[in-house]
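# Observations on chain architecture
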Amino acid sequence: MSGYRLPSGGLINRRKPLGFTFDGKRFSGFEGDTVASALIANGERLIGRSFKYHRARGIASAGPEEPNGLITLRSGGKAEPNTRATMAELYDGLEARSQNRWPSLRLDAMAVNQLGGPLFAAGFYYKTFMGPTRKAWLLYEHFIRRAAGMGALSGEADTDRYDKHFAHCDVLVVGSGAAGLMAARTAADAGARVILADEMASMGGALLTERAEIDGEPAARWAANTLKYLADHDRVTLKSRTTVYGAYDDNQFGAVERVTDHLPGAPPGVSRQRHWTITAKFVVIATGALERPIVFPGNDRPGVMLAESVRTYIRRYGVAPGKRLALFATHDGAYRTARDAHDAGIDVVAIIDPRQTISAEARTIADAVTKQHLTGHGIVRTTGRHGISEAGAAPIDSDGNQTGITHDVFCDTLAVSGGYTPTLHLTSQNGERPVWSDPIQAFVPPTLRTSWATAGAINGTFSLQACLREGQEAGSKAAQSLGHSAATAALSATDDLTSETIDLVREIKPKRKSLWRGKAFVDVQHDVTSTDIALAHREGFTSVEHMKRYTTLGMAADQGKTSNVTGLALMANARGVDIPEVGTTRFRPPYTPVAIGTLMGREGREHVAPVRRTPMHEWHEKNGASFVPNGLWMRAETYLKDGDTVESASVREARTVRQGVGIVDVSTLGKIDVNGPDATEFINRVYSNGFAKLPVGKARYGLMLREDGILYDDGTTWRLAENRYMMTTTTGQAAGVMAHLEFLHATVWPNLNVALTSVTDQWAGIAVAGPQSRDLLAKVVTGIDLSNEGMPFMAVREGEIEGVPVRVARLSFSGELAYEVFCGWTYGPALWEHLLEAGKDLNVIPYGLEALGILRIEKGHVTHAEINGRQTAEDLGLGGMVSTKKDFVGSSMLDRPGLKRDNREQLVGLLSEDSIQIKSGSHLVVESRPVEPAKSHGWVTSNAFSPELDQYIALALLENGRERIGETLYATDPLRGRHVKVQVVSPHFVDPDGGRMHA
């Protein structure tokens, strides 16, 4: 044995050595290693520090249940904290770092927390840091947040690529152990399309560790041959490195495939990870079981490992976790670890078993591998600074209490096993409540719905022969449910130590407890001890859900994999009831953590939503426009000139519109064609104001309410013909309004003969505004009488510009004389440039969204800053537009007392009395004190600098606002240190009587 690498054995490729670093120190491993197996092979026992107490921690397991070995891989934008070392595959040049320590792993200053004792017990945040006043928490908060958590993000952008994929299959098999392989093969041979998914890099599950035989060949070889057969099968898709993390409605499953995590870097154009949404007609869950630890003092020390994981490192990775091994187990199956360790040349110094009676097979192994076999004993202590060097074994009674003197056991590895807990997370997510199994002292899945089946160790079945049989039966059931007939040829297997008599001892309680060594951990990842469970019981948190949240047992990334059943058992003991009476918590997705980048796919940064651009976008870009997202669109914010800020440019643009003429791109407005014999009736029911008598060739401003009477959207609707309308919506709500209308038509009024078509992308739109807007259009439009008599306010006409058909409506969002001109989408850029060319002598300018905002605030027009999902039409001063003579969506809810109360927030205007900007989001208060402002009376929704008034103005929602015109208040924003004196005025700052837009 060289170091801790065994001279032979394992599934690693010894001909391909790999170099890597851990905390800056160089190490070597082999292809096929995980970071954990490579660190163990190099003698590294200290891997990290614990969550609360910063105790020394080492590798405890070999799979996704690992509670200690959480490391950060890579650096910069590619850094990924809280990665399980047991699941991270080794590659050449891998960079890994330990977490939750300062200044170094071996010398961690925060280990002083261990002196805190009761200060860090369950609920310590609430008891220690929440009083006696609110200021106390403000004092502690900074330091607590710095100390909280495990790994840290780099703060740099992630440059990796992530993708989303979708798959459909007849049968999804989760888990590729004996049961999963048999289920997949049986279903595929019967004619079903099968996806077999497994979270590990190498498929085969526990078969890769077993010494048993299947049909006369070693289990690992049988697994390899079966996988080759399935890989060549035209109806089977194998997905290794793929974790099925979540079960959702209609047999949809979320899965993450680690595509290139095992490589030094992703090749160009290749994703690092893929998120799969898999829809299956039938699912077989063959996820196996996880080994349980035992609670005893010092059970978290580096070198204390799960017994089956020790065996996995020996047989799968060719690594000796230590040179002097002791086994502490409550069942026969764990004796295989002692046997395999002995055969690998490891000194098995002792086997400690709480049971007085064990099987003949287990005793035969014990006699062959060790001279010290202690039955009726338990571990009452461990010692060692950065790794276990000694364990104390003592006689115990059936309740785990020490009854005799302690025997010293000198070891560097303590393999522990308290039985197995079925991995039933997916069945629990599916809404199935697990049932208790006395033989294995754990919960198992209940009888599942017809399109689900479980097979193997998830059912508490640990016999290899029985696992093969259950897998075959599950595959046959899946095939038959799909109309196929399945063959049922039996396989023979030699089981390896199948006696699974589980002792009921959950916790070992020594006669004397040490302040320094007495912590017995239930949840090693979250530093939850047995005394925390007892404290939760004493303080009344006896419900399993309350216990979980009060102690943090099984929360976050762990999801109870190693701690759940033990924690329930300790609470049951404290309450004096059986575990089934205590119950169990329900697992939630994800089964293991999923990177946010994987969930997002490519939908990050500018791709977080589909980016839409107007037909004039390229012109805006070439002419100095800055852009902002507005709904799904990129809109020109303002057109910057040398020395401009966004504010100065937008003020200049707004002033020019007020004094002359400007054009703005409004192609982003939602446009919906409403057509059919019942179009008028439909429109009349949708809007709160009347549309039945709207003449052809006219537009009307409409208010659309939700079913609860709250204002949903506003816009103009144009009557183009007797039975045809074009409805315009706000940019941000275009899709929402379309969906709302389709819902109403499909479910509420299916009898109305009307067709709804989104035509947003068919029409380019340009608003022409300002006192000279009529003069500009008169130069270019033919076929339309633009006089005040020929085209009054809200008129809609059709004409041409340079032979291009246009639809013109006299509408104004700015409060000035204004028109909206619509043409075919592809003609938009030409029409835009033609208007600018024709208006040169009028000094026409393009203006952007910021200037449009200034103009509408000056006029007192509302947008979704004010239509915020809480306000009624009356709140915004639009109550006169709500009809009392007809029924419409939301009308039946308008008389609710809550919508009629006197102190509702109403739309008002604000003037800054100190020439200071009034920030949106500021709260309106009466008191002048900026440090501790009192009750909020409302808030600022929109703000601008008004070139017309030459001062800062704002719109706000103020309690009983219309009765408070003339009052002086303060717009306070403590987070940004602003406290502005304001005067409450009418929201209509400019042209309140509408003379300009009717000119």
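Heads up: these notes are all about the structure in this document. Fair warning: this is a prediction, and the values are worked out from it, not measured in the lab.

## Re the overall build of the protein
Along the protein, the regular secondary structure elements total 23 helices and 52 strands. Dimensions of the protein along its principal axes, counting C-alpha atoms only, are 110 × 70 × 55 Å. Every one of the 999 residues in the protein was classed for burial, and the buried ones make up 59%. In the protein, once contacts between residues fewer than 6 apart in sequence are set aside, the share between residues at least 24 apart is 67%.

## So, the pattern of salt bridges
It is possible for side chains of opposite charge to pair when their charged atoms get near one another. Evaluation of the coordinates by the stated rule reveals 60 salt bridges. Here E80 ties to R272 by a salt bridge, and the two come within 2.2 Å at their closest N and O atoms. Linking E80 in strand β6 (residues 80–84) with R272 in the loop between β14 (252–258) and β15 (273–285), this pair joins segments that are 192 residues apart in sequence. Each member of the pair E80 and R272 is classed as buried. Where salt bridges share partners, they join E210, R211, E308, R311, R336, R339, D340 and D343 into one cluster.

## Looking at the packing of aromatic side chains
Evaluation of the coordinates by the stated rule reveals 15 aromatic pairs. For the pair W619 and Y639, a centre-to-centre distance of 6.2 Å together with 65 degrees between the ring planes defines the contact as edge-to-face. One end of the pair, W619, is in helix α16 (residues 617–622); the other, Y639, is in strand β34 (residues 633–639), and 20 residues separate them in sequence. This pair shows no difference in class: W619 is buried, exactly as Y639 is. On the basis of an interplanar angle of 20 degrees and a centroid distance of 4.8 Å, the ring pair of Y687 and F691 is categorised as stacked. For the residue pair Y687 and F691, the accessibility class agrees, reading buried in each case. Taken together, the aromatic side chains of W619, Y639 and W832 make up a single cluster linked through ring pairs. Lying over the aromatic face of Y229, R185 brings its terminal NZ or CZ to 4.0 Å of the ring centre.

## What to know about the sheet that holds strand β32 (residues 612–613)
One open sheet accounts for three strands, arranged β32-β34-β33; its pairing is mixed. What marks the edges here is a single partner per strand, and that holds for β32 and β33 (625–630). The strands touched by helix α22 (residues 849–859) are β33 and β34; relative to β34, the strand with the most contacts, the crossing angle is about 80 degrees.

## Describing the pairing of strand β13 (residues 242–248)
Two faces, one strand: in a regular strand the side chains alternate between the faces of the sheet. In terms of burial, β13 is a largely internal element, six of the seven residues being buried. Bridge analysis of β13 against β14 gives six bridges, and the strand direction is antiparallel. Paired with G246 across the two strands is G254, which belongs to β14. From the end of β13 to the start of β14, which pair antiparallel, there are three residues, and D250 there has a positive phi angle of about 60 degrees.

## Some points on the sheet that holds strand β5 (residues 70–73)
Taken in spatial order, the five strands of this open sheet run β2-β1-β7-β5-β6, and their pairing is mixed. Edge positions in the sheet fall to β2 (25–31) and β6, since each has one partner strand and no second. Taking each pair of neighbouring strands and ignoring which way they run, the sheet shows an average axis angle of 40 degrees. Sheet topology note: the β5/β6 ladder contains three bridges and is antiparallel. Counterpart to I71 in the pairing with β6 is T83.

## Let's talk about the packing of helix α4 (residues 178–189) against helix α5 (residues 219–232)
The geometry of α4 relative to α5 is characterised by a closest axis approach of 11 Å and an angle of 30 degrees between their N-to-C directions. One element, α4, and the other, α5, form an angle in the roughly parallel class. The two elements α4 and α5 meet at a crossing, and its hand is left-handed. Only W222, A223, T226, L227, Y229 and L230 of α5 make contact with α4, whose side of the interface consists of L181, M182, A184, R185 and D189. Across the contact of α4 with α5, the residue classes tally to eight nonpolar, one polar and two charged.

## Examining the nonpolar core
Counting residues in each nonpolar core, the largest one holds 51 residues, and the members touching the most others are F22, V35, I59, I71, Y313, L327 and I351. At six residues, the largest contribution of residues to this core is made by helix α1 (residues 35–41). Once residues lying within four places of it in the same chain are set aside, the contact partners of I351 are L327, Y335, A338, A366, V369, T370, Q372, H373 and L374. If you look at the next biggest cluster of nonpolar residues, it comprises 45 residues, including A255, I278, W436 and A520.

## Topic: the environment of G58
With respect to the element layout, G58 can be found in the loop between β4 (56–57) and β5. For G58, a relative accessible area of 3% gives the class buried. Residues G58 and M305, 247 residues apart in the sequence, show an inter-C-alpha distance of 8.5 Å. Not counting chain neighbours up to four residues away, the residues in contact with G58 comprise R45, I47, E66, N68 and P302.

## Focus: the packing of helix α20 (residues 773–780) against helix α21 (residues 828–838)
The interhelical angle for the contact between α20 and α21, taken along N-to-C directions, is 115 degrees, at an axis separation of 10 Å. When the axis of α20 is compared with that of α21, the two are roughly perpendicular. Here the hand of the crossing between α20 and α21 comes out right-handed. Counting all contacts with α20, which are made through L776, L777, K779 and V780, the residues of α21 involved are H834, L835 and A838.

## Some thoughts on unusual backbone geometry
With an omega dihedral of 0 degrees, the bond running from W102 to P103 counts as a cis peptide bond. You can see P103 is positioned in the loop between β7 (94–97) and α2 (124–129). Across the junction of P589 and P590, the peptide omega takes the value 5 degrees, indicating a cis bond. Considering the arrangement of structural elements, one finds P590 in the loop between α14 (579–582) and α15 (596–600). Located in the positive-phi region is E802, a residue other than glycine, with phi close to 55 degrees. Secondary-structure assignment places E802 in the loop between β43 (796–801) and β44 (804–809). The class for E802 is exposed, based on a relative accessible area of 64%.

The rules behind the values
Residue numbering note: each chain is counted from 1, following its sequence as written. Where totals are concerned, whole chains, interfaces and linings use all residues; where local detail is concerned, this predicted model gives features only for residues with pLDDT of at least 70, and gives and counts side-chain atom pairs only at 80 or more. Hydrogen atoms and water are omitted, and side-chain values are computed over all heavy atoms in the structure. Secondary structure counts use DSSP, requiring at least four H or I residues in a row for a helix and at least two E residues in a row for a strand, with both numbered from the N terminus. For the exposure calls, accessible area comes from a 1.4 Å probe over protein chains only, and a residue counts as buried if that area is under 20% of its type's maximum, exposed if over 50%, partly exposed in between. We call two residues in contact when some of their heavy atoms are within 4.5 Å. Put simply, a salt bridge is a Lys or Arg side-chain nitrogen that is within 4 Å of an Asp or Glu carboxyl oxygen. Only the six-membered ring of Trp is used, alongside the rings of Phe and Tyr, when aromatic pairs are assigned; centres must lie within 6.5 Å, and planes under 30 degrees apart are stacked while those over 60 apart are edge-to-face, with the rest tilted. Should the NZ of a Lys or the CZ of an Arg lie within 6 Å of a ring centre and within 35 degrees of the ring normal, that charge is described as sitting over the ring. The pairing criterion for strands is at least two bridges between them, as found by DSSP. Axis definition: a line fitted to C-alpha atoms, limited for helices to the stretch in contact. Angles are taken between N-to-C directions and run from 0 to 180 degrees. These descriptions rest on fixed angle ranges, namely under 35 degrees for roughly parallel, over 145 for roughly antiparallel, 65 to 115 for roughly perpendicular, and the rest for oblique. Helix crossings are classified by the rotation of the near helix relative to the far one: an anticlockwise turn of less than a right angle makes the crossing left-handed, while a clockwise turn makes it right-handed. Note on residue categories: nonpolar means Ala, Val, Leu, Ile, Met, Phe, Trp, Tyr, Cys or Pro, charged means Asp, Glu, Lys or Arg, and polar means any other residue, Gly included. The set of buried Ala, Val, Leu, Ile, Met, Phe, Trp, Tyr and Cys residues whose side-chain atoms join them within 4.5 Å is what this entry labels a nonpolar core.

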